[in-house]
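# Fold and contact review
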Amino acid sequence: DAGVTQSPTHLIKTRGQQVTLRCSPKSGHDTVSWYQQALGQGPQFIFQYYEEEERQRGNFPDRFSGHQFPNYSSELNVNALLLGDSALYLCASSPYRGQGPETQYFGPGTRLLVL
Amino acid sequence: GNSVTQMEGPVTLSEEAFLTINCTYTATGYPSLFWYVQYPGEGLQLLLKATKADDKGSNKGFEATYRKETTSFHLEKGSVQVSDSAVYFCALGTGGFKTIFGAGTRLFVKA
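Structural notes, computed from the coordinates. The residue numbering used here restarts from 1 in each chain and proceeds along that chain's sequence as written. Chains carry letters and ligands carry numbers; both start at the beginning, A for chains and 1 for ligands, and go up in the order they are written. Local features in this predicted model are restricted to residues of pLDDT 70 or higher, and side-chain atom pairs are both shown and tallied only at a pLDDT of 80 or more, whereas totals for entire chains, interfaces and linings draw on every residue. Side-chain descriptors were evaluated using all non-hydrogen atoms of the structure, hydrogens and water having been removed beforehand.

### Here we look at the overall build of chain B
Assigned secondary structure in chain B consists of 0 helices and 12 strands. In chain B, the succession of α and β elements from N to C terminus is β-β-β-β-β-β-β-β-β-β-β-β. For this measure, only C-alpha atoms enter the radius of gyration; the expected value for a globule follows 2.2 Å times N^0.38, where N is the number of residues. Its C-alpha atoms give chain B a radius of gyration of 13 Å, within 12% of the compact-globule value 13 Å for 111 residues. Dimensions along the principal axes, computed over C-alpha positions, put chain B at roughly 45 × 25 × 20 Å. When burial is assessed residue by residue, chain B has 45% of its 111 residues classed as buried. We call two residues in contact when some of their heavy atoms are within 4.5 Å. Considering only contacts within chain B whose residues lie at least 6 apart along the sequence, 55% involve residues at least 24 apart. Labels follow the DSSP assignment, with helices taken as runs of H or I lasting at least four residues and strands as runs of E lasting at least two, numbered in each case from the N terminus. Relative accessibility thresholds used throughout: buried, under 20% of the residue-type maximum; exposed, over 50%; partly exposed, between the two (1.4 Å probe, protein chains only).

### Topic: unusual backbone geometry
Between A:Ser7 and A:Pro8 the backbone carries a cis peptide bond, its omega angle lying at -10 degrees. Even without being a glycine, A:Glu51 presents a positive backbone phi close to 50 degrees. Relative to the helices and strands, A:Glu51 resides in the loop between strand 5 (44-50) and strand 6 (53-57). Its identity as a non-glycine residue notwithstanding, B:Glu16 has a phi of 80 degrees, on the positive side. Inspection of the secondary structure assignment puts B:Glu16 in the loop between strand 2 (11-14) and strand 3 (19-21).

### Here's the deal with the side chain of A:Gln36
Residues and elements named next belong to chain A. Here Gln-36 is to be found in strand 4 (residues 31-37). Assessed through its relative accessible area of 9%, Gln-36 is described here as buried. A distance of 2.9 Å separates polar atoms of two side chains, one belonging to Gln-36 and the other to Tyr-89. Pairing of N or O atoms within 3.5 Å defines a polar contact, subject to two protein rules: one partner must be a possible hydrogen donor and the other a possible acceptor, and residues neighboring in sequence count only if both atoms are side-chain atoms.

### Observations regarding the pairing of strand 4 of chain A
Residue and element names in this part refer to chain A. For strand 4, the tally of buried residues reaches 7 of 7 residues, placing the bulk of the element in the interior. Here strand 4 shows two buried faces, one formed by Thr-31, Ser-33, Tyr-35 and Gln-37 and the other by Val-32, Trp-34 and Gln-36. Only strands joined by at least two bridges in the DSSP assignment are considered to pair. As paired elements, strand 4 and strand 5 share 6 bridges and run antiparallel to each other. Its bridge partner being in strand 5, Thr-31 is matched across the sheet by Tyr-50. A loop of 6 residues connects strand 4 with strand 5, the two strands running antiparallel in sequence, and Gly-40 in this loop sits at a positive phi of about 80 degrees.

### Description of the sheet that holds strand 9 (residues 75-77) of chain B
Residue and element names in this part refer to chain B. Spatially, 3-9-8-7 is the arrangement adopted by the 4 strands of the open sheet, whose pairing is antiparallel. Single-partner strands in this sheet number two, and they are strand 3 and strand 7 (56-59). Direction aside, neighbouring strands of the sheet carry axes that sit 15 degrees apart on average. Two strands pair when backbone bridges link them, and strand 8 (residues 62-65) and strand 9 are joined in this way by 3 bridges, in the antiparallel orientation. Paired with Phe-62 across the bridge in strand 9 is Lys-77. Working convention: axes come from line fits to C-alpha atoms, limited for helices to the stretch in contact. Angles between N-to-C directions cover 0 to 180 degrees.

In structure tokens, the structure reads:
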């Protein structure tokens, strides 16, 4: 049983560009959350998707957007990249059904470097 | 607002030493509290949790007790091993799936 997978593992972009990160949830999970982890910091919640809709959102600007597909996989899009967007982006999946964050399984992350 | 504060690292211990990593929180309502661990090159893993005051979470020899009176959730282990070297994150959940993490504490255990 594959866990949460993310692609690519590493990415280098320049300021102003746009980036798309991808996540496949663990088998049986239908909810995906995205987190940004800056170097030396804890993860910060970006947003959560369930039934192809954004359900919760953290304090991130509209440059950060997402999508969830019918097969529950998800994309994170970041427009107009800034140097400060350089971070490890983590995807977490969970079964929705009223359960809380303790059911989240995290992927290994995508490391984004903005030059 | 809701927040988590944990002791700065790195923490360096010899094998079989006692470990404490302090964590305090600020939250409205009655949050659930968690400790996550991040091993080098791997994703975050839930280590233990507590969902109400005075609950004790435990796993793999690690323990933490939810103390509402001191708003704390300190992580302890009686005898650390080299394999415990990792970054440890204290976190809280206040509803739904949004999880608020502390900055993390890196632990090095020497043989």
